[in-house]
Amino acid sequence: MPPNGHMPQLVKALAVSKPSRDYWLEEELLDAFIAGDEGVKVEKTRFPGVLLVLSERLDAHRVSSLASKIEFSFMSRLVPASRVLMGPSRGELFNVILELLEGAPRTPLRVMVTVRGYGKNISGSEEVSSHVSSLGFTVSRRASRAIAVESVDDLFIVAYGITRVCGLNCTLLYVD
């Protein structure tokens, strides 16, 4: 797998630091998640401020639960990985979004998309928003429920949950 050759199944979350706070965020993330997995690791990616949380034991719900117990000072966003895709086609990505939204209430939905590097060849924010609209959801930036798509090159993290504040100017996507 791109960033550093680890397996996609170990990727449990993607975190984005506040500007020039990568090192401090790495420490905060380790402090937050070590209670759930003593072997948890945090890896920097080639994109400044973008970190991956790696674990053999954690899942998206546990990441959300542990992260919601502390206030982060150095993070701007945390997206737990409900699904991790390696080099997906646009169709595969849209099928995962459909699966995650299946049975979700048809209330307004926030679409949070950040695609980096090679991932831009697969999909982008406007395409994901359009797809979500085609599924019968009203897209709204103020909605508390959200679908998130994050990429590090061709590694995609997709999650559905409720946005929560996790510190000053920090958003946690809480996955049930």
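Residues numbered from 1 in each chain as written. Predicted model: local features only at pLDDT ≥ 70, side-chain atom pairs only at ≥ 80, totals over all residues. Heavy atoms only, no water.

**A closer look at the pairing of strand β2 (residues 41-44)**
Where β2 lies against strand β3 (residues 50-54), four bridges are found, and the strand directions are antiparallel. Counterpart to Lys 44 in the pairing with β3 is Leu 51. Hairpin connection from β2 to β3: five residues lie between these consecutive antiparallel strands, with Gly 49 at a positive phi of about 80°. (Pairing = 2+ DSSP bridges. Helix = DSSP H or I, 4+ residues; strand = E, 2+ residues; numbered from the N terminus.)

**Remarks on the pattern of salt bridges**
Side chains that differ in charge, positive against negative, can pair when their charged atoms come close. Within this structure, the stated rule accounts for five salt bridges. Salt bridges linked by common partners bring Arg 77, Arg 116 and Glu 150 together as one network. (Salt bridge = Lys/Arg side-chain N within 4 Å of Asp/Glu carboxyl O.)

**Thoughts on the packing of aromatic side chains**
Each aromatic ring pair is characterised by the separation of its centres together with the angle its planes make. For the coordinates displayed, the defined rule picks out two aromatic pairs. Pairing Tyr 23 with Trp 24 gives two aromatic rings, centres 5.2 Å apart and planes at 80°, and the pair type is edge-to-face. The class of Trp 24 is partly exposed, set by a relative accessible area of 47%. Of the aromatic side chains, those joined through ring pairs into one cluster are Tyr 23, Trp 24 and Phe 74. One Lys or Arg, Arg 46, reaches over the ring of Tyr 118 and ends 5.4 Å from the middle of that ring. Sitting over the ring of Tyr 174, Arg 164 keeps its end group 3.9 Å from the ring centre. (Phe/Tyr/Trp six-rings, centres within 6.5 Å; stacked < 30°, edge-to-face > 60°. Buried < 20%, exposed > 50% of the residue type's maximum accessible area, 1.4 Å probe, protein only. Lys NZ or Arg CZ within 6 Å of the ring centre and 35° of its normal.)

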